[in-house]
Amino acid sequence: MRPVIPYVTAALLFGLGGYGVLRRRNAVLVLMAVELMLNAVNLILVTADSTVRAQLPHSGQVFALFVIVLAAAEIGVGLAIVLQLYRLRASVTVDDVPLTEPSEGPAAPAKDEVPR
């Protein structure tokens, strides 16, 4: 078997997934792009397992099963976070997510503002 076609397909899938992660603003689409990248890795693992004779038989397929389990857990946690974000902000745009906690205390007056 010639492994060129699966490797090129996996490279294209991984590139498409990387582009989706870097360019998309919607959190659900970012999760889908990560899934595309994980499926590309699965394709590489299974192709390498069938073409390369290793010491451990079917090790690529076992690793692919671990990646599938990891992807399922990632989707479960990721969708829970996205749903909570939608409930709080009414938007799932990644650019609008604050990365720091808002300050609780009273705001300090600006330099030019005179206190009353």
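Use the structure listed above.
Treat the numbers as computed from the prediction; the structure is a model and nothing was measured.

A. Summary view of the overall build of the protein. For the protein, the count of helices and strands is three helices and zero strands. By the burial criterion, 21% of the 116 residues in the protein qualify as buried. Taking the contacts inside the protein whose residues are at least 6 apart along the sequence as the reference set, 58% of them involve residues at least 24 apart. Entry remark: accessible area of the protein is about 9300 Å², with carbon and sulfur atoms responsible for 67%.

B. The arrangement of the side chain of Glu35 in detail. As for its position among the elements, Glu35 is in helix 2 (residues 27-51). Here Glu35 is in contact with Ala71, Glu74 and Ile75, once residues within four sequence places are set aside.

C. Structural view of helix 1 (residues 4-23). Taking 1.5 Å per residue, 20 residues should reach 28 Å; helix 1 reaches 28 Å between its end C-alpha atoms and fits that length. Here helix 1 has its buried residues at Pro6, Ala10, Gly17, Gly18 and Gly20. An end-on view of helix 1 places all buried positions within 160° of arc, on one side of the element. Along helix 1, the residues that are exposed and aim more than 90 degrees away from the buried face are Val4, Ile5, Leu12, Leu16, Tyr19, Leu22 and Arg23.

D. Layout of the packing of helix 1 against helix 2. Look at helix 1 against helix 2: their axes get within 8 Å of each other, and the N-to-C directions meet at 160°. Classed by the angle they form, the pair helix 1 and helix 2 counts as roughly antiparallel. Classified by chirality, the crossing of helix 2 by helix 1 is left-handed. Together, Pro6, Tyr7, Thr9, Ala10, Leu13, Phe14, Leu16, Gly17, Gly18, Gly20 and Val21 of helix 1 and Val30, Ala33, Val34, Leu36, Met37, Ala40, Val41, Leu43, Ile44, Thr47, Ala48 and Thr51 of helix 2 make up the contact between the two elements. By residue class, the composition of the contact of helix 1 with helix 2 is 17 nonpolar, six polar and no charged.

E. Structural view of the environment of Leu65. Here Leu65 is to be found in helix 3 (residues 59-89). Judged by its relative accessible area of 54%, Leu65 is exposed. Placed 20 residues apart in sequence, Leu65 and Leu45 show a C-alpha to C-alpha distance of 10.0 Å.

Calculation criteria
Residues numbered from 1 in each chain as written. Predicted model: local features only at pLDDT ≥ 70, side-chain atom pairs only at ≥ 80, totals over all residues. Heavy atoms only, no water. Helix = DSSP H or I, 4+ residues; strand = E, 2+ residues; numbered from the N terminus. Buried < 20%, exposed > 50% of the residue type's maximum accessible area, 1.4 Å probe, protein only. Contact = heavy atoms within 4.5 Å. Areas by Shrake-Rupley, 256 points an atom, 1.4 Å probe, with all protein chains shown as cover. Expected span 1.5 Å × (residues − 1). Arc of directions from axis to C-beta. Axes fitted to C-alpha atoms, helices over the stretch in contact; angles between N-to-C directions. Parallel < 35°, antiparallel > 145°, perpendicular 65-115°, else oblique. Left-handed = near helix turned anticlockwise from the far one by under 90°. Nonpolar A, V, L, I, M, F, W, Y, C, P; charged D, E, K, R; others polar.

All quantities given are derived from atomic positions and should not be read as evidence of function.
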